[in-house]
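Here's the letter readout for the chains.
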Amino acid sequence: TEQILEDITDIRRALYFDRAPLNQPLHTTRQLLAGQRLQIYPASGERGGFAQCVLVDSDPHGLSAAPLLRKDEERLCDLEPGEKLKVRFWREGDTEYRFRSTVLESAAGTTTLFFSHAEKLERIQKRDLFRLEVHFELLLEPVAETSDPKSEQREPPVASAVVNISGGGLGLLSARPLEVGALLQIPAKISTPFPIAGLRCQVNECQRQGQQYKIGLEFVDISARLQSEIVRLIYRRQIDRV
């Protein structure tokens, strides 16, 4: 049986059946390729957040991942077989996924964690993408509902502080309330920690918070390439902060 499984795996790889097109959703972890970044979180025990890992190998039995940070090596390699894991990952050109797994093998002194495949993956909507807490100032231009310059009444720019960012949008604090559904334009010539210059956003939330308003913005018509780059920078900054 072991040899048959290995032969089937080799045939699938030779025919590229293990590589789903970027525009095709994944359905199982068996479609993941080595090099995929993973966020792994022990379902029980200490609350240390997700550990940044990279997928080292995938075979018929399970997945092997190695932590990217030294602090996570001890944390993950102390796990016992049978312990539950929560795993998230971002796939370029698609979206973010999450699944649950079980530790199959882990030993002190090694940097590799071996855990089970998941036959069901949950695709996460844009609003649920991992958010990174940030702080930088941003001046947004309201987008007029009409393109007729004679009837256009220009609204003043919206001064705000960006407090979080994800691949799907921004969280702001502003002294000015905004109507849900309103469109805003990020200036094309600005310098920010993330490549969001020139993007158009839509307000999907506005709630009073003390003397300010908490506003949620969703990027409109953002390309898969740019969204992937924003997510990559978010993960990179998360690692750098540790």
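In the block above lies the structure referred to throughout.
Residues numbered from 1 in each chain as written. Predicted model: local features only at pLDDT ≥ 70, side-chain atom pairs only at ≥ 80, totals over all residues. Heavy atoms only, no water.

Q: Help me out: how do you make sense of the sheet that holds strand β13 (residues 212–220) in this one?
A: Each strand in a sheet pairs with its neighbour through backbone hydrogen bonds, running either in the same direction (parallel) or in the opposite one (antiparallel). Strand order in the closed barrel formed by 6 strands is β8-β9-β10-β13-β12-β11, with antiparallel pairing between adjacent strands. In this sheet, neighbouring strand axes are inclined to one another by 45° on average, regardless of whether the strands run parallel or antiparallel. Note: strand β10 (residues 169–174) against β13, 6 bridges, orientation antiparallel. Within β13, the position partnered with L172 by the bridge is I215. (Pairing = 2+ DSSP bridges. Helix = DSSP H or I, 4+ residues; strand = E, 2+ residues; numbered from the N terminus. Axes fitted to C-alpha atoms, helices over the stretch in contact; angles between N-to-C directions.)

Q: Looking at this structure, I do not really get the side chain of Q31. What am I missing?
A: With respect to the helices, strands and loops of the structure, Q31 is situated in the loop between α1 (2–14) and β1 (37–42). Here the side chain of Q31 touches T28 through a polar contact of 3.2 Å, landing on its backbone nitrogen. (Polar contact = N/O pair within 3.5 Å; in protein donor to acceptor, adjacent residues only side chain to side chain.)

Q: So what exactly am I meant to see when it comes to the pairing of β10 here?
A: Every other side chain in a regular strand lies on the same face of the sheet, so the side chains alternate between the two faces. The buried fraction of β10 is high, at 6 of 6 residues. Where burial is concerned, the two faces of β10 agree: the one with G169, G171 and L173 and the one with L170, L172 and S174 are both buried. When strand β9 (residues 158–165) meets β10, the two strands line up antiparallel, connected through 4 bridges. Bridge assignment links N164 to a residue of β10, and that residue is G171. What sits between β9 and β10 in their antiparallel hairpin is a turn of 3 residues. (Buried < 20%, exposed > 50% of the residue type's maximum accessible area, 1.4 Å probe, protein only.)

Read these as spatial facts, not as claims about activity.
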